[in-house]
Amino acid sequence: GENVEQHPSTLSVQEGDSAVIKCTYSDSASNYFPWYKQELGKRPQLIIDIRSNVGEKKDQRIAVTLNKTAKHFSLHITETQPEDSAVYFCAARPFNNNDMRFGAGTRLTVKP
Amino acid sequence: NAGVTQTPKFQVLKTGQSMTLQCAQDMNHEYMSWYRQDPGMGLRLIHYSVGAGITDQGEVPNGYNVSRSTTEDFPLRLLSAAPSQTSVYFCASSYRESAGELFFGEGSRLTVL
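Residues numbered from 1 in each chain as written. Chains lettered and ligands numbered in written order. Predicted model: local features only at pLDDT ≥ 70, side-chain atom pairs only at ≥ 80, totals over all residues. Heavy atoms only, no water.

A. Expanded view of the sheet that holds strand β3 (residues 19-25) of chain B. Residue and element names in this part refer to chain B. Here four strands make up an open sheet; going across it, the order is β1-β3-β8-β7 and the pairing antiparallel. Each edge of the open sheet is held by one strand with a lone partner, namely β1 (4-7) and β7 (64-66). On average, adjacent strands in this sheet sit at an angle of 20 degrees to one another, irrespective of strand direction. Note: β1 against β3, four bridges, orientation antiparallel. From the neighbouring strand, Thr5 faces β3, where its bridge partner is Ala24. (Pairing = 2+ DSSP bridges. Helix = DSSP H or I, 4+ residues; strand = E, 2+ residues; numbered from the N terminus. Axes fitted to C-alpha atoms, helices over the stretch in contact; angles between N-to-C directions.)

B. Here's a closer look at the state of the cysteines. Tallying each qualifying case throughout the model produces two disulfides over all chains. Shown here is the disulfide that connects Cys23(A) with Cys90(A), its sulfur atoms set 1.9 Å apart. Classification of the bridge connecting Cys23(A) and Cys90(A) rests on its S-S torsion, roughly -100 degrees, and on that basis the disulfide is left-handed. Placement of the pair is Cys23(A) in strand β3 (residues 19-25) and Cys90(A) in strand β9 (residues 86-94), with a sequence separation of 67 residues. For the residue pair Cys23(A) and Cys90(A), the accessibility class agrees, reading buried in each case. Here Cys23(B) pairs with Cys91(B) through a disulfide, and the sulfurs are 1.9 Å apart. Taking the sign of the torsion about the S-S bond as the criterion, the disulfide between Cys23(B) and Cys91(B), at about -70 degrees, is left-handed. Within this pair, whereas Cys23(B) is found in strand β3, its partner Cys91(B) is found in strand β9 (residues 87-94), the two being separated by 68 residues in sequence. By relative accessible area, which is 2% here, Cys23(B) ends up buried. (Disulfide = S-S within 2.5 Å. Buried < 20%, exposed > 50% of the residue type's maximum accessible area, 1.4 Å probe, protein only.)

C. Spatial organisation of the pairing of strand β7 (residues 62-67) of chain A. Residue and element names in this part refer to chain A. Note that strand β6 (residues 56-59) and β7 share four bridges and pair antiparallel. Each residue of the ladder has a partner; that of Lys58, found in β7, is Ala63. Following β6, the chain reverses through two residues before pairing antiparallel with β7; Gln60 in that reversal takes a positive phi of roughly 60 degrees. Two strands pair when backbone bridges link them, and β7 and strand β8 (residues 72-77) are joined in this way by six bridges, in the antiparallel orientation. Within the sheet, the bridge partner assigned to Thr65 lies in β8 and is Ser74.

D. Molecular detail of the sheet that holds β8(A). Residue and element names in this part refer to chain A. Ordered by their spatial adjacency, five strands build an open sheet running β1-β3-β8-β7-β6, and the pairing between neighbours is antiparallel. A single partner strand is all that each edge strand has here, and the edge strands are β1 (4-7) and β6. On average, each strand axis in the sheet is inclined to that of its neighbour by 15 degrees, with strand direction left out of account.

E. Focus on the packing of aromatic side chains. Scanning all chains against the criterion turns up eleven aromatic pairs over all chains. Considering the side-chain rings of Tyr25(A) and Phe33(A), the 4.7 Å spacing of their centres and the 45 degrees angle between planes classify their relative orientation as tilted. The two residues Tyr25(A) and Phe33(A) agree in class, both being buried. Relative to Phe102(A), the ring of Tyr36(A) lies with its centre 5.8 Å away and its plane at 55 degrees, an arrangement referred to as tilted. Of the two residues, Tyr36(A) sits in strand β4 (residues 30-38) while Phe102(A) sits in strand β10 (residues 101-102), which places them 66 residues apart along the sequence. Given the relative accessible area of 7%, Phe102(A) is considered buried. Pairwise contacts between aromatic rings join Tyr36(A), Phe102(A), Tyr35(B), Phe90(B) and Phe104(B) into one cluster. (Phe/Tyr/Trp six-rings, centres within 6.5 Å; stacked < 30°, edge-to-face > 60°.)

If you want it as C-alpha cells, here you go:
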C-alpha cells in the first residue's frame with residue numbers, strides 16, 4: 001500500500017517567517033494530496049488540497065506544491081502567525097482505492 | 001447541522017472488555033471511516049464504508065468490527081479490548097469516496113488497562 005513520509009517532525013519558526021513541510025509518497029497511483037491542521041485537543045481539519053493534474057495551489061498565506069515525477073509534495077506557510085501553531089498532516093490517496101494514508105505529522109511552533 | 005458526532009469522548013476499559021464507539025453524521029455523506037491516532041504515527045485507517053451495507057478494511061483492521069446499516073451511522077466495535085488499542089479514535093466522512101475533504105468527529109480517547 002501507499003507509504004507517506006513527512007519531514008520534519010517538529011518545526012519552530014519566528015512569527016513572520018515562512019514554514020515548509022515536505023512529504024513523499026510511494027504509490028504512483030496516488031492522485032489526491034490533502035493537508036490537515038490539528039490544534040491541540042481538536043479534530044483534524046482540511047486546510048488545502050491538491051490533485052495530480054495541478055502542480056501548485058495557493059490560498060492566501062498557504063500554498064501546496066506537487067512534483068509527481070519525484071513523488072513529493074510540500075506545504076508552504078508564509079508570514080506565520082502564532083495561531084498557525086499546530087500539528088500538520090499530509091496525506092495521499094490512490095485513485096483506485098479509499099485507503100488514504102497520512103504522514104506522521106509535523107508539530108509547528110510559531111514564536112511571537 | 002451537527003456534522004460528525006462521536007460518543008463517548010472518553011472511555012476506560014479493562015483488557016478483554018468489549019465496547020462500541022458510536023459515530024453519526026447528518027450531512028448525507030456516502031463515505032464514512034474510522035481512524036486511530038497514536039503519537040508519532042499519524043492517522044491510520046481502520047475500516048471504511050462507501051455506503052449502507054458496504055464495509056471494507058483499512059490499514060489496521062485487526063481487533064475491530066464495523067457495520068453500516070444506515071447512511072448516518074457507522075459504529076466501531078472492539079470485541080475484546082487490548083492495551084495496544086489504547087488510542088484516540090476519529091470517525092470521518094465525506095460526500096463520496098472520491099470527493100476529497102474528510103470531515104472528522106471530535107475524537108474518542110480510549111484507554112485499555
